[in-house]
Amino acid sequence: MPTITQTLDINVNNLSVTYSNAKLALYNASCTVEPGTITALVGPNGSGKSTLFKSIMGFLKPTQGQIKVGGLTVQKAQKKQLMAYVPQSDEVDWNFPVSVYDVVMMGRYGYMNLLRIPSSKDRRLVMESLERVDMTDFRHHQIGELSGGQKKRAFLARALAQEGKVILLDEPFTGVDVKTERRIIALLMQLRSEGHTILVSTHDLASISTFCDRTILLNKTILASGTTEETFTEENLSMTFDGLPMNIYQNSEVDS
Amino acid sequence: MSDTMIALPLIDWLIEPLQYPFLVQAIWVSAFVGLVCAVLSCYITLKGWSLMGDAVSHAVVPGVVVAYALNIPFAIGAFLFGFGATVAIGYIKSKTRLKEDAVIGVVFTGFFAFGLVLVTKIPSNIDLFHILFGNVLGISQEDIIQTLIAGITTLVVILIRRKDLLLFCFDPNHAKAIGLNTQLMFYTLLSVLALTIVTALQTAGIILVIAMLVTPGSTAYLLTDRFDHMLGISIATSVFSCVGGTYLSYHFDVSTGGAIVVLLTVLFMVAMVFAPKYGILAQNSYRHQPIVDGTQGKG
Ligand SMILES: Nc1ncnc2c1ncn2[C@@H]1O[C@H](COP(=O)(O)OP(=O)(O)OP(=O)(O)O)[C@@H](O)[C@H]1O
Ligand SMILES: [Mg+2]
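Residues numbered from 1 in each chain as written. Chains lettered and ligands numbered in written order. Predicted model: local features only at pLDDT ≥ 70, side-chain atom pairs only at ≥ 80, totals over all residues. Heavy atoms only, no water.

Caption draft 1: Highlighting the overall build of chain B. Per the secondary structure count, chain B includes 12 helices and 0 strands. Secondary structure of chain B in N-to-C order comes out as α-α-α-α-α-α-α-α-α-α-α-α. By the compact-globule yardstick of 19 Å for 299 residues, chain B fits well, its C-alpha radius of gyration being 21 Å. When the backbone C-alpha atoms are referred to their principal axes, chain B occupies close to 65 × 60 × 30 Å. Relative to its 299 residues, chain B shows a buried fraction of 47%. The long-range fraction of contacts in chain B, counting pairs at least 24 apart against all pairs at least 6 apart in sequence, stands at 73%. When the accessible surface of chain B is totalled, it reaches about 14,300 Å², and 69% of it is carbon and sulfur. (Helix = DSSP H or I, 4+ residues; strand = E, 2+ residues; numbered from the N terminus. Rg over C-alpha atoms; globule rule 2.2 N^0.38 Å. Buried < 20%, exposed > 50% of the residue type's maximum accessible area, 1.4 Å probe, protein only. Contact = heavy atoms within 4.5 Å. Areas by Shrake-Rupley, 256 points an atom, 1.4 Å probe, with all protein chains shown as cover.)

This is the structure:
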């Protein structure tokens, strides 16, 4: 269904984020997520991947820098339902009395009137989204009754129902079996062909070259970014994960 | 035959007080208060704001005293101070490195103490005992009107914003991601919390109002996995306890607020032990017969 006419980029310009405990999580990060691509975000634990996602979504207030989505501020883009986000799983209360169907329906709230009464279109899109992640049978389950992989799929369905043109996924493959991972990858490729822009963080380095057009390497700042072919090199990876040039950068940054 | 023998005294017990207008009034006022508290209770328990509720309830004391001294409706003073305390808590938390529970503790005891100082210094005919423990049996017409306005406002706000407030409690990040104003929802929830406390002030009193805000929602939370059921159960237990407590208070000449909260607590304990899925008994029996392949116990 080629309903999407325009594709949107994400532009991160000179972003720095410091947490309240004075911990510098990101500094001077600049990168562009090209429109209509799947871009991988790669870096070791604690490198700031989730921090970058949360900054792009406007959940964190950066100490400096700007983020634009399709030329709009994040807030404007969100008001237009352009941005969907699939969190790393530990961010919600799993004992909350809502069903999978309710959660996916929350993706549609932005399209509803003040009272949030779902239209038949909303209901149809929720069912379609559940179908696409193969979670239809679980729709009446309370969300805490799901396995880790099923939880991921439920939140992916919510992002689908939201019809965001930009989709951010924070580690969608962690704790997911091979079959589900393949299915999610196929789904992401399908979304790309429909014109969505997708940014996905992952620790599964082996699968990246199979579906990601571009790769961003991150460790407190952007170390490399470009097409997967040119970025995903042995040298760049060892730099990212062993943090060789990091010490130099970090010292000078902290001192200044 | 024996049925009527038992039923007659019970009916008598229920009907006899209805000949006194002040009691009829107390019964429906406390039923109304029970309804308002029960609705908000579901959101407060799910959001984890019980301590915040306790704080607001204590923080209203100086507001009540000032309102009486200035001869303005008590509800206005109570609301302003209750809401002001939450703003103070938010401000202090964002400006210091203290943890939230410490900030809450400092602020509400400070407000409460200030209220005590005021009440003993400002000459007025406020009965401190009534503020602390409620006085629904002697509630004045004026206070009933204020209770109704505060309660109805709360119900209307929640009715209109219920889906958004639930989303805000569950996943504030997603609320933001779809362009909702989460800051506004935060203050909306705080305002209705303060309003509910104003509503319940005359019935339960400051000390016990927190029970009316936490217990019905907690009881319901143990009994169901669906929010609409939770709301229904919360309302049922709360209204039942409020009406029952008022009867008990009349028949046995005990504190109304106390009787209501005792009933609420008894219902909570019954749910805690016997709840079909999350009760202590059910959890023990799950432990003895393990679920095989997830085929059992899904229903
Ligand atoms: N809420 C917080 N308060 C303080 N520091 C934080 C907070 N969240 C993250 N950090 C710190 O910021 C840094 C970046 O964290 P972030 O969660 O962005 O890493 P990540 O790349 O997503 O890691 P992972 O692969 O483990 O998910 C870490 O050093 C972490 O300790
Ligand atoms: Mg992370």
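Here the narrative resumes.
Caption draft 2: Structural detail: the coordination of the magnesium ion (ligand 2). Only Ser50 of chain A (OG) and Gln88 of chain A (OE1) from the protein coordinate the magnesium ion (ligand 2), and they sit 1.9 to 2.2 Å from it. One end of the pair, Ser50 of chain A, is in helix H1 (residues 49–56); the other, Gln88 of chain A, is in the loop between strand E6 (83–86) and helix H3 (100–106), and 38 residues separate them in sequence. (Donors = N, O, S within 2.8 Å, 3.2 Å for Na, K, Ca; no water.)

Caption draft 3: Spotlight on the side chain of Ser238 of chain B. Relative to the assigned elements, Ser238 of chain B resides in helix H10 (residues 227–252). Beyond its immediate sequence surroundings of up to four residues, Ser238 of chain B is in contact with Gly34, Leu35, Ala38, Pro216 and Leu264 of chain B.

Caption draft 4: Quick peek at the side chain of Ser218 of chain B. All names here are of chain B. Counting through the fold element by element, Ser218 comes out in helix H9 (residues 182–223). A polar side-chain atom of Ser218 sits 2.7 Å from the main-chain carbonyl oxygen of Val214. Look past the residues within four positions of Ser218 in its chain and what remains in contact with it is Thr45 and Phe268. (Polar contact = N/O pair within 3.5 Å; in protein donor to acceptor, adjacent residues only side chain to side chain.)

Caption draft 5: Representation of the interface of chain B and chain A. Listed as interface residues are 25 residues of chain B and, on the opposing side, 30 residues of chain A. In terms of surface lost to chain A, no three residues of chain B exceed Lys163, Phe170 and Ile178 of chain B, which account for 27% of the buried area on that side. The interface formed by chain B and chain A includes 3 salt bridges. Between Lys277 of chain B and Glu145 of chain A there is a salt bridge whose closest N-O contact spans 2.7 Å. Applying the counting rule to chain B against chain A returns 10 residue pairs in polar contact (both at pLDDT 80 or more). Mapped by element, the contributors of at least two residues to the side of chain B that touches chain A are helix H7 (141–170), helix H8 (172–177) and H10 of chain B. Of the residues forming the side of chain B that touches chain A, the biggest block, 9 residues, is contributed by H7 of chain B. Of the residues that constitute the side of chain B that touches chain A, the class distribution is 13 nonpolar, 3 polar and 9 charged. (Buried area = accessible area lost by both parts, 1.4 Å probe. Salt bridge = Lys/Arg side-chain N within 4 Å of Asp/Glu carboxyl O. Nonpolar A, V, L, I, M, F, W, Y, C, P; charged D, E, K, R; others polar.)

Caption draft 6: Examining the environment of Val66 of chain B more closely. Its place among the elements puts Val66 of chain B in helix H3 (residues 50–70). Considered as a pair, Val66 of chain B and Ile233 of chain B are 167 residues apart in the sequence and their alpha carbons are 37 Å apart.

Caption draft 7: How the structure looks around the domain arrangement of chain A. All names here are of chain A. Taken domain by domain, chain A consists of domain 1 (1–82 + 166–175 + 184–256) and domain 2 (84–163). Distance between the C-alpha centres of domain 1 and domain 2: 24 Å. Contacts between the two partners involve 22 residues from domain 1 and, on the opposite side, 17 residues from domain 2. Between domain 1 and domain 2, roughly 1,700 Å² of surface is buried when both sides are summed, and carbon and sulfur atoms account for 56% of that area. Between the two partners, domain 1 and domain 2, sit 1 salt bridge. Glu194 is the salt-bridge partner of Arg132, the closest N and O atoms lying 3.0 Å from each other. (Domains from an automatic or database assignment.)

Caption draft 8: Quick look at the sheet that holds strand E4 (residues 64–69) of chain A. All names here are of chain A. With antiparallel pairing, the 4 strands of this open sheet are ordered in space as E2-E1-E4-E5. Of all the strands in the sheet, just strand E2 (24–33) and strand E5 (72–73) have a single pairing partner and so form its edges. Taken together, the 5 bridges between strand E1 (residues 10–18) and E4 define a ladder with antiparallel strand orientation. Following the sheet pairing, Ser16 is matched in E4 by Gln64. Each of E1, E2 and E4 is contacted by H1, which is oriented at about 115° to E1, the strand it contacts most. (Pairing = 2+ DSSP bridges. Axes fitted to C-alpha atoms, helices over the stretch in contact; angles between N-to-C directions.)

Caption draft 9: Geometry of the site of ligand 1. Residue and element names in this part refer to chain A. Inspection of the region around ligand 1 gives 16 residues, with Asn45, Gly46, Lys49, Ser50 and Thr51 positioned closest. Note that an oxygen atom of ligand 1 is positioned 3.2 Å from one of the backbone N or O atoms of Ser47. Contact between ligand 1 and His203: an oxygen atom at 3.0 Å from a side-chain N or O atom of the residue. Protein chains bury 69% of the 630 Å² of accessible surface belonging to ligand 1 in isolation. (Near = heavy atom within 4 Å.)

Caption draft 10: Up close: the state of the cysteines. What the rule picks out here adds up to 0 disulfides over all chains. This cysteine, Cys169 of chain B, is not joined by any disulfide, and Cys42 of chain B carries the nearest cysteine sulfur, 10 Å off. (Disulfide = S-S within 2.5 Å.)

Caption draft 11: Quick look at the pairing of E4 of chain A. Of the pairings in the sheet, the one linking E4 of chain A to E5 of chain A comprises 2 bridges and is antiparallel in character. Within E5 of chain A, the residue paired with Lys68 of chain A across the bridge is Thr73 of chain A.

Caption draft 12: Representation of unusual backbone geometry in the model. Residue and element names in this part refer to chain A. The phi dihedral of Gln81 falls on the positive side, at around 60°, and the residue is not glycine. Take Gln81: it is sitting in the loop between helix H2 (74–79) and E6. Residue classification places Gln81 among the buried positions, given a relative accessible area of 4%.

Caption draft 13: Fine view of the packing of aromatic side chains. All names here are of chain B. Taken as a whole and assessed by the stated rule, the structure comprises 14 aromatic pairs over all chains. Ring centres of Tyr43 and Phe227 lie 5.3 Å apart, and the angle between their planes is 65°; on these two criteria the pair is classed as edge-to-face. A residue pair is termed long-range when its members are at least 10 positions apart, and Tyr43 in helix H2 (residues 21–47) and Phe227 in helix H10 qualify at 184 residues. Residue Tyr43 is classed as buried on the basis of its relative accessible area of 1%. Taking the relative accessible area as the measure of exposure, Phe227 reaches 12% and is therefore buried. Seen from their ring centres, Phe79 and Phe83 are 5.8 Å apart, and the 10° between their planes marks the pair as stacked. With Phe79 and Phe83 both in helix H4 (residues 74–95) and 4 residues apart, this pair spans about one turn of that helix. (Phe/Tyr/Trp six-rings, centres within 6.5 Å; stacked < 30°, edge-to-face > 60°.)

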